[in-house]
Amino acid sequence: MMNKKIFLYILLLSLYLPLFIQCENGDKTTDCFPKSTINYQVNLDLPAYQNLAGINGWAYVPGGPLSGTNGLIIVRTGTYEFKTYDRNAPHICPTANSVLEVKDDIYIYCPEDKAKWILTSGQPLEVAGISPKTYPTHLIGNTLYISY
């Protein structure tokens, strides 16, 4: 009788525990985060990327076969330093309303649940406890290479 109760308790716990724990994969994103190959080059001389000429400037890269399912956000954080974020929210499964946006040139914003992150560092401000996914970014001449 006691073994049956213990078994039932363990069964119920195993069924409901995932509802209370946010699952993350090794990249510190939700398990449903889209897996994409990132291999993109940005020519900083192009007019579409002129905003990246100044520190704290940012630009969107549209989604595509080598730039993620919803694209990227590139931010110039120093003279030769850039950060590149995936536009998929790292803490929730993708929806049509969860594509990350830049607001007021200061923070990254998720319209789905109003999560916010500091644009230049990715540090969480509200709602989400994890930073947006970033990709290695290297500047060679006037070309920015983003790959993962």
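Now for a quick tour of the structure. (Residues numbered from 1 in each chain as written. Predicted model: local features only at pLDDT ≥ 70, side-chain atom pairs only at ≥ 80, totals over all residues. Heavy atoms only, no water.)

**Quick word on the environment of Gln41**
Residue position: Gln41 is located in strand 1 (residues 39–43). The spatial distance from the C-alpha of Gln41 to the C-alpha of Ile146 is 6.2 Å, given a sequence separation of 105 residues. Excluding residues within four positions of it along the chain, Gln41 makes contact with Thr143, Leu144 and Tyr145. (Helix = DSSP H or I, 4+ residues; strand = E, 2+ residues; numbered from the N terminus. Contact = heavy atoms within 4.5 Å.)

**Topic: the pairing of strand 11 (residues 143–147)**
Bridge count between strand 1 and strand 11: 5 bridges; the pairing is antiparallel. When the bridges of strand 11 are listed, Val42 appears paired with Leu144. Relative to strand 11, strand 10 (residues 137–140) is paired through 4 bridges, and the arrangement is antiparallel. If you follow Leu139 over to strand 11, its bridge partner there is Leu144. Following strand 10, the chain reverses through 2 residues before pairing antiparallel with strand 11; Gly141 in that reversal takes a positive phi of roughly 65°. (Pairing = 2+ DSSP bridges.)

**Focus: the pattern of salt bridges**
Two side chains bearing opposite charge may form a pair once their charged atoms approach each other closely. The full count for this structure, using the stated rule, is 2 salt bridges. For Lys103, the salt bridge goes to Glu101, with nearest N and O atoms at 3.3 Å. Residues Glu126 and Lys116 are paired through a salt bridge, measuring 3.9 Å at the closest nitrogen-oxygen approach. Residue Glu126 is located in strand 8 (residues 124–126), and its partner Lys116 is located in strand 7 (residues 115–118); the two are separated by 10 residues in the primary sequence. (Salt bridge = Lys/Arg side-chain N within 4 Å of Asp/Glu carboxyl O.)

**Quick look at the state of the cysteines**
The final tally for this structure, using the stated rule, is 1 disulfide. Between the sulfur of Cys32 and that of Cys93 lies a disulfide, 1.8 Å long from S to S. Residues Cys32 and Cys93 share a disulfide whose torsion about the S-S bond is about -105°; that sign makes it left-handed. With Cys32 in the loop between helix 1 (2–20) and strand 1 and Cys93 in the loop between strand 4 (82–86) and strand 5 (101–103), this pair connects stretches of sequence that are 61 residues apart. In this structure Cys32 comes out as partly exposed when scored by relative accessible area, which is 28%. By relative accessible area, which is 43% here, Cys93 ends up partly exposed. (Disulfide = S-S within 2.5 Å. Buried < 20%, exposed > 50% of the residue type's maximum accessible area, 1.4 Å probe, protein only.)

**Things to note about the sheet that holds strand 9 (residues 134–135)**
Across a sheet, strands are paired by hydrogen bonds formed along the backbone, either parallel or antiparallel in direction. With antiparallel pairing, the 4 strands of this open sheet are ordered in space as 2-3-4-9. Pairing within the sheet leaves two strands with one partner each, and these edge strands are strand 2 (58–61) and strand 9. The pairing of strand 4 with strand 9 spans 2 bridges and is antiparallel. Across the sheet, residue Tyr85 finds its bridge partner in strand 9, namely Thr134.

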